[in-house]
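Structural features, examined
Spelled out from the first residue to the last, the chains are:
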Amino acid sequence: MADYPGLLAQCEELYAAVCFDAESWPDSALADWIDGLATSSFVDKEIGRELRRIVRAAQKLRDFWLAPASGRPPDHGDWRTRVDIGSGVKAWRPLLAMARLGLAREPTAELFADVKERFRVVTGERWMEDVPFDDWLAENRG
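Below is a short write-up of the structure. Just so it is clear, the model here is predicted, and its values are computed rather than measured.

1. So, the pattern of salt bridges
Close approach of charged atoms allows side chains with opposite charge to pair. As enumerated under the stated definition, the model contains 11 salt bridges in all. For D27, the salt bridge identified is with R62, shortest N-O distance 2.9 Å. Residue D27 is located in helix α2 (residues 27-38), and its partner R62 is located in helix α3 (residues 45-66); the two are separated by 35 residues in the primary sequence. Among the salt bridges present, the one from E46 reaches R105, with a minimum N-O distance of 2.5 Å. Separated by 59 residues along the polypeptide, E46 in helix α3 and R105 in helix α5 (residues 89-105) bring together distant segments of the chain. One network of salt bridges, with partners in common, ties together E12, R80, D114 and R118.

Structural data, given as structure tokens:
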């Protein structure tokens, strides 16, 4: 069984790291990060594509937070806010895509809740808001 929640958490940790310690993430460190994940047995072509999108978003976040602070809105200290300030919705899209892939392949209540939240963040709309996971699973099985 693939660990999609764990992979998503690692991606979020990368975003947090580049937002708070941008100097420590040169391109070589980002390449090492993705190479370390690429060896996971469940990282296929589709997941690999989303991981590359995440690394590109991390590069943009890193560059944004390395730039001089003039003209930049004040940050509020939270890494998610820093992602929003530095990149906005674009950074969240590959995480939603990865969560949706995981949900389609190995549905769990955790991934279902994750997709609900990420969908709202990316689109500003609700997805399956009042639908319990078991009902969704019964409808989408097979």
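There's plenty left to go through after this.
2. Notes on helix α4 (residues 79-86)
For α4, the full list of buried residues reads W79, R82, V83 and G86. Seen along its axis, α4 keeps its buried residues to an arc of 100°; they face one direction. Its buried side turned inward, α4 meets α1 (4-20), α3 and α5. For α4, the N-terminal cap is D78; the gap from its side-chain oxygen to the backbone nitrogen of R80 is 3.0 Å. Phi turns positive, to about 75°, at G88, one or two residues after α4.

3. Re the nonpolar core
Among the nonpolar cores identified, the biggest contains 45 residues, and Y15, W33 and L51 are the most heavily contacted of them. Elements with a minimum of two residues in this core: α1, α2, α3, α4, α5, α6 (109-123) and α7 (133-140). Ranked by the residues each element gives to this core, the list is headed by α1, at 9 residues. What W33 contacts, discounting residues up to four positions off in sequence, is Q10, C11, L14, W25, L51, I54 and V55.

Rules used in this analysis
Residues numbered from 1 in each chain as written. Predicted model: local features only at pLDDT ≥ 70, side-chain atom pairs only at ≥ 80, totals over all residues. Heavy atoms only, no water. Salt bridge = Lys/Arg side-chain N within 4 Å of Asp/Glu carboxyl O. Helix = DSSP H or I, 4+ residues; strand = E, 2+ residues; numbered from the N terminus. Buried < 20%, exposed > 50% of the residue type's maximum accessible area, 1.4 Å probe, protein only. Arc of directions from axis to C-beta. Contact = heavy atoms within 4.5 Å. Polar contact = N/O pair within 3.5 Å; in protein donor to acceptor, adjacent residues only side chain to side chain. Core = buried A, V, L, I, M, F, W, Y, C linked by side-chain atoms within 4.5 Å.

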